[in-house]
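Here's the letter readout for the chains.
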Amino acid sequence: MTMKETIDEIRNQLDFEITKVNSLPELDQFRIKYLARKGIIAELFETLKNVPPDQKPSLGKELNELRTHAQNLHDEKKNNLESNQSSQSELIDITLPGRRKWIGSLHPITQTLNEIKSIFLRLGFEIASGPEIEDDYYNFEALNFPPDHPARDMQDTFFISKKTLLRTHTSPVQIRVMEKQQPPVRVIMPGRVYRNEAISARSYCLFHQVEGLYVDTNVTFSELKGTLVAFAQQFYGSDLKFRFRPSFFPFTEPSAEMDISCFLCKGKGCRVCKYAGWLEILGCGMVNPNVYKFVNYDPMKVSGYAFGMGIERITMLRYGIDDIRILFDNDVRFLKQF
Amino acid sequence: MKISLKWLRQYVEFNITPEELADKLTKAGLEVESIDYLGSKFNNFFTGQVLTVTKHPNANKLTVCDVNVGDSNIAIVCGAPNVAIGQKVVVGLAGAVVPRNQHDPDGKAFELAKVKIRGVESNGMICSEYELGIGEDKDGILVLNDNVTIGIPLAEFLGLNDIVFEIGITPNRPDCLSHIGIGREVAAALKTNYKLPEVTINESSSSIENSAIVIVEDSDKCPRYSARVIKNVKVQSSPKWLQNYLSAISIRPINNIVDATNYVLMETGHPLHAFDYDKLNEKTIIVREAIDGEHFVTLDGKGRSLTAGMLLICDAIKPIAIAGVMGGINSEITDNTKNILLESAYFDPRSIRKTSKQLGLSSDASQRFERGADPNATIYSINRAAQLIAEIAGGEIQKGIIDVYPKPFTPTRINVSLQRSNNILGTNLNVCQIIELLESINCEHQVAEKQNAEKDIVTFKVPSFRPDLEKEIDLIEELARLYGYDNIETKMQSVIKFTSNPVQSDIVDEMRLWLVGRGFNEIVTNSLQSKELAYLSSSEVVEVMNPISKDMAAMRTSLIPNILEVVRNNIYHQTKNLNLFEVGKTYLKILQESENQKSDENYKEEDKIILAKSGIANFPNWAENERNSDIYDLKGEVEDLLLKFGLDKYKFIPYSTTKALVDMPVSIEINQIEVGYIAKVQKQMLKQFDIEQDVYIADLNINIFKSLSKIEKKYKPLPDYPMVLRDLAFITDKVVPVSEMQGTIYKAGGELLRTVEIFDLYSGDQIHSDKKSSAFTLQFFSEDRTLTDVEIEKIINKIVEAMKVAHNAALRK
């Protein structure tokens, strides 16, 4: 047999034998037989030394091609075998649950507060805060609640001492902000407040408020309405109806309470809105000129508005929660719903 | 405040539905909280007349009656023995709910429907007084007087067809605590008029001057005291109409004298008091301050210990009433009372409020006086009451009124600037509108002698029943209210401008989100706790003077007890694997209070973030074994949190002393500043909270965290040359801390050694029982060249040598 014939035969042999290879060990046998350092093809290269010089180039080329061919056959088979093997040995039951991690949650009060904050931040408000253990001066007096005034009865108070108390609203932060800063002042003041009331489904000894204050030249009641309606439409949806009712807070005048049409029954009347069709969402008003005297603002030069809303109340309305206490129970089954 | 619409109609006319009226009042700032249709339980009951009575064809004891119910005649099957032709009766028609079923042992209500009774149609029911709930007679149907009109609704017939509003009156509006007060507001809202009842009095010839003396010792606290004497009254029940009015607004009728004073109180808003004249020593009224420790029994039968400063109404020798708050049992009107002295006074609001607060005693009278009554209403009210008493209790009204009023009230005058009003409200009102609006609530426009050139200022005289109107802004508020909040344009016109304060992102919000992503549930808990718990963590506890309960008598000094309570409650509900955090404050007293200090100098509120982990460490899955959380889980969370916020120079250092509530506390320090600590909760604490599994906590101080954390980010170029990794394991005594080994390795490794991380810790069969093997991955690279094996080997030899010297460590092969 000439060398050329040998090469052709081996090529045929290769083509045949590779079809018989059905496993990686068999393939390894194949590799050792043909491609190893002492395999058939390597041996043929050895015999190349003995062929006449004029045939060397063409035979050398043929041999190289043979080797490449063998290598290709091997590699291709290897790929096939490996992919087959993986799909066979790694039998996957995709109905099994994946390896999961714990899922955390933000408390619903935080979520509501975050949304309220984001709306007012977009309107150009800053955020301020103040202490919960507060002076009578900031909580009442500077907010135009004179000593021994019946208006103080509106807010049952926890006292720490004769002149120190747990703030009953976030409004004292208004005074603290105005003491430090000249107009324009445009801030919201979120925080925890306390009321000395029996704990029930409707009231807890503490809750959270967001207070707002805007003082500048030419701030009007009309502007107050505009801002709060813009807020409410962002928060509750643009199709809501609203109304402002006259009310009374010593530190604002005129004062108002803002109602929105009940978003659960669309104003038709339901249990949540107590069949009134309206939900009270916040109190507001124009800053009473008496308040400016406590912070050395000139009531003839500036005007402003203030508002305050209860976060728990808004959260409860929003999610249809009918007992405030569940917010403070922190049952994980409850928390995970948010 | 309850307002009867029937009663209200005496003073103002309105032709709108109760709902429309409620809406008007609500929009005027008098929030109608509920509407009660008193007669609604008698819907579908009418008066009727029995026209014919025939025997029921199929039942002996029943009759079939033809009954005229006004607009029609209907057939009713009746079982009553006393039914007879011509009787006026009460008929319930289909749909009526009979309040009590007399065949039911519990007397339950039931609804009527058209039915066939033994084959004969019955269209309603003739009722007994038991069935209607207006009497106890079950023996037969209720037979009315012959002169009753037929076809009128039962509620109307009984005088119960009233509608009652519950109105929330804000503390600034004492003038609205009466039917006339609400009538005035209705008139203003509807742009109509109201009228006061006319009062005419027939006085006897004998003068009050001869029957009583009034001495006011403290005219600051009692600026006005008016009195009348009525003799020979007959104390008995009030007439039905008066009882109905009072019952409608939930005031229990007592007797005609007391009812008359209550009626006038609810009509005019001015509190009155009637004394039994014959029980007054020397027929003298002395208004004076109480003496400390004086004792007095009020009308409710309770003994009261009085203190100096409280105002008393006394006779010549003893107190007979706590002024403006409550009368005394010793001078109360009884069935035997013959002669009365009526008091109509005006007391200083602050004095009344103080007394009422001190005694914990509030009454209809005190509520009005402390908010501000009308000093000019005493005479009208006392005359109105005298007239009413004469009408319903007989008696002779003594001639004249004693009226001690040394300093008559001067009406408040307020200047209103048109421009300022419009500037504050954002309206465009003109002078005429302002005058018209304010005059509708009885503020008289004063024509100035010298008219202001621009007519910007208008002066108003405020009526004496509006003590809340003191300043311009008060009238501007009234303008807004009367003009209608709805009519003020809703617009945002302000220009957004940034103040000089730079916007800061809130790191706490970011920490929250990070922890949520790590699988923690945020909790929000009470900041009040029991003193016992509070003192466990600190001796500087802030105590509450007037707590709701012992459980909430102090401000919390640590967030641990709260989170343990949450852990306990969740375990109770079978949620045993917990990852919780709370952002909250703790409160400490730092200084004894002194008068001239502000509270924030005396108390410290610290912002904290607490993490707790308990139960299984990782979310359970089918392929891996469960493992309980331990201190390393929590340490890992804290390390990641610190690294996330740029705090990489932390050290965990065990406390040398004990710490409240926890075991094995480890302080977290950055540049020698303690940011917080991690620890395992004490067994004893867990026991106190009935928790049977371990709880690990981390407690971080947010403000310190914030002050140290570097949010500012700076780019560091990535290395150009490859990095080389080498693993080394050392066998040492078990007690050698890993962090010390790391320190040694770093030091010996020099600047080319970048990180040293432990990847395995082993103790067991293959090595001596006192030893452990610690395996580290070392990372090397250089910024200016590719490191060679020779270089690395040199460094590693140095490290091995150093480990040997420092820790007697042997390289594990």
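Computed from a prediction, not measured in an experiment: that's the story for all the values here.

Caption draft 1: Structural context of the pairing of strand β7 (residues 252-261) of chain A. Residue and element names in this part refer to chain A. With 10 of 10 residues buried, β7 is to be regarded as a mostly interior element. Judged by which residues are buried, β7 turns out to be covered on both faces: Thr252, Pro254, Ala256, Met258 and Ile260 on one side and Glu253, Ser255, Glu257, Asp259 and Ser261 on the other are all buried. Note: strand β6 (residues 242-249) against β7, 7 bridges, orientation antiparallel. Residue pairing in the sheet places Arg243 in a bridge with Asp259 of β7.

Caption draft 2: Inspection of a nonpolar patch on the surface at higher detail. All names here are of chain B. Where nonpolar side chains cluster on the molecular surface, the patch consists of Val297, Leu299 and Ile329 and spans about 190 Å² of accessible area. Tracing the backbone through its elements, the reader meets Val297 in strand β19 (residues 295-297). A residue is classified by how much of its surface remains accessible, and Val297, at 31% relative accessible area, is partly exposed.

Caption draft 3: Structural detail: unusual backbone geometry. Residue and element names in this part refer to chain A. A cis amide bond links Pro183 to the next residue, Pro184, at an omega of 5°. Tracing the backbone through its elements, the reader meets Pro184 in the loop between α7 (172-180) and β4 (185-194). Here Glu253 and Pro254 are connected by a cis peptide whose omega angle stands at -5°. Among the secondary structure elements, Pro254 is positioned in strand β7.

Caption draft 4: Representation of the packing of helix α8 (residues 349-359) of chain B against helix α9 (residues 364-371) of chain B within the structure. Residues and elements named next belong to chain B. α9 packs onto α8 with a crossing angle of 140° between their chain directions and a minimal axis gap of 7 Å. If you check the angle between α8 and α9, you find them oblique. α9 is crossed by α8, and the crossing has left-handed handedness. Between α8 and α9, the residues in contact are Pro349, Ile352, Arg353 and Ser356 and Ser366, Phe369 and Glu370, respectively. Class assignment of the residues belonging to the contact of α8 with α9 gives a composition of 3 nonpolar, 2 polar and 2 charged.

Caption draft 5: Main features of α8 of chain B. Residue and element names in this part refer to chain B. Looking only at α8, the buried set comprises Pro349, Ser351, Ile352, Arg353, Thr355, Ser356 and Leu359. If you follow the buried residues of α8, they end up packed against β20 (303-305), β21 (311-314), β22 (319-322), β24 (340-346) and α9. Just past α8, the residue Gly360 takes up positive phi, approximately 60°.

Caption draft 6: Summary view of the sheet that holds strand β15 (residues 213-216) of chain B. Residues and elements named next belong to chain B. Pairing is mixed across the open sheet formed by 5 strands, whose spatial order is β15-β18-β21-β22-β23. If you trace the sheet from one side to the other, it starts and ends with β15 and β23 (326-327), each paired once. Pairing between β22 and β23: 2 bridges, direction antiparallel. Bridging from a neighbouring strand, Ala321 pairs with Gly327 of β23.

Caption draft 7: Examining the domain arrangement of chain A more closely. Looking at the assigned domains, one finds that chain A contains domain 1 (3-90) and domain 2 (108-335). The C-alpha centroid of domain 2 of chain A is placed 85 Å from the C-alpha centroid of domain 1 of chain A.

Caption draft 8: Representation of the pattern of salt bridges within the structure. Enumeration according to the criterion identifies 63 salt bridges over all chains in this entry. Close ionic contact of Glu203 of chain B with Arg228 of chain B constitutes a salt bridge, the shortest N to O distance being 2.9 Å. In this pair, Glu203 of chain B sits in strand β14 (residues 203-207) while Arg228 of chain B sits in strand β16 (residues 224-231), placing the two residues 25 residues apart along the sequence. In this structure Glu203 of chain B comes out as partly exposed when scored by relative accessible area, which is 37%. Accessibility expressed as a relative area gives 4% for Arg228 of chain B, which makes it buried. Between Asp733 of chain B and Lys771 of chain B there is a salt bridge whose closest N-O contact spans 2.9 Å. In this pair, Asp733 of chain B is assigned in strand β39 (residues 724-733) and Lys771 of chain B in strand β41 (residues 771-780), connecting sequence segments 38 residues apart. The exposure class assigned to Asp733 of chain B is partly exposed, which follows from its relative accessible area of 36%. With a relative accessible area of 21%, Lys771 of chain B lands in the partly exposed category. When salt bridges that share partners are traced, they join Arg243, Arg245, Glu257, Asp259 and Glu280 of chain A together with Asp23, Lys27, Glu31 and Asp486 of chain B into one network.

Thresholds, definitions, all that
- Residues numbered from 1 in each chain as written.
- Chains lettered and ligands numbered in written order.
- Predicted model: local features only at pLDDT ≥ 70, side-chain atom pairs only at ≥ 80, totals over all residues.
- Heavy atoms only, no water.
- Buried < 20%, exposed > 50% of the residue type's maximum accessible area, 1.4 Å probe, protein only.
- Helix = DSSP H or I, 4+ residues; strand = E, 2+ residues; numbered from the N terminus.
- Pairing = 2+ DSSP bridges.
- Patch = residues over 30% accessible without salt bridge, like charges linked within 9 Å, V, L, I, M, F, W, Y side chains within 5 Å.
- Areas by Shrake-Rupley, 256 points an atom, 1.4 Å probe, with all protein chains shown as cover.
- Salt bridge = Lys/Arg side-chain N within 4 Å of Asp/Glu carboxyl O.
- Axes fitted to C-alpha atoms, helices over the stretch in contact; angles between N-to-C directions.
- Parallel < 35°, antiparallel > 145°, perpendicular 65-115°, else oblique.
- Left-handed = near helix turned anticlockwise from the far one by under 90°.
- Contact = heavy atoms within 4.5 Å.
- Nonpolar A, V, L, I, M, F, W, Y, C, P; charged D, E, K, R; others polar.
- Domains from an automatic or database assignment.

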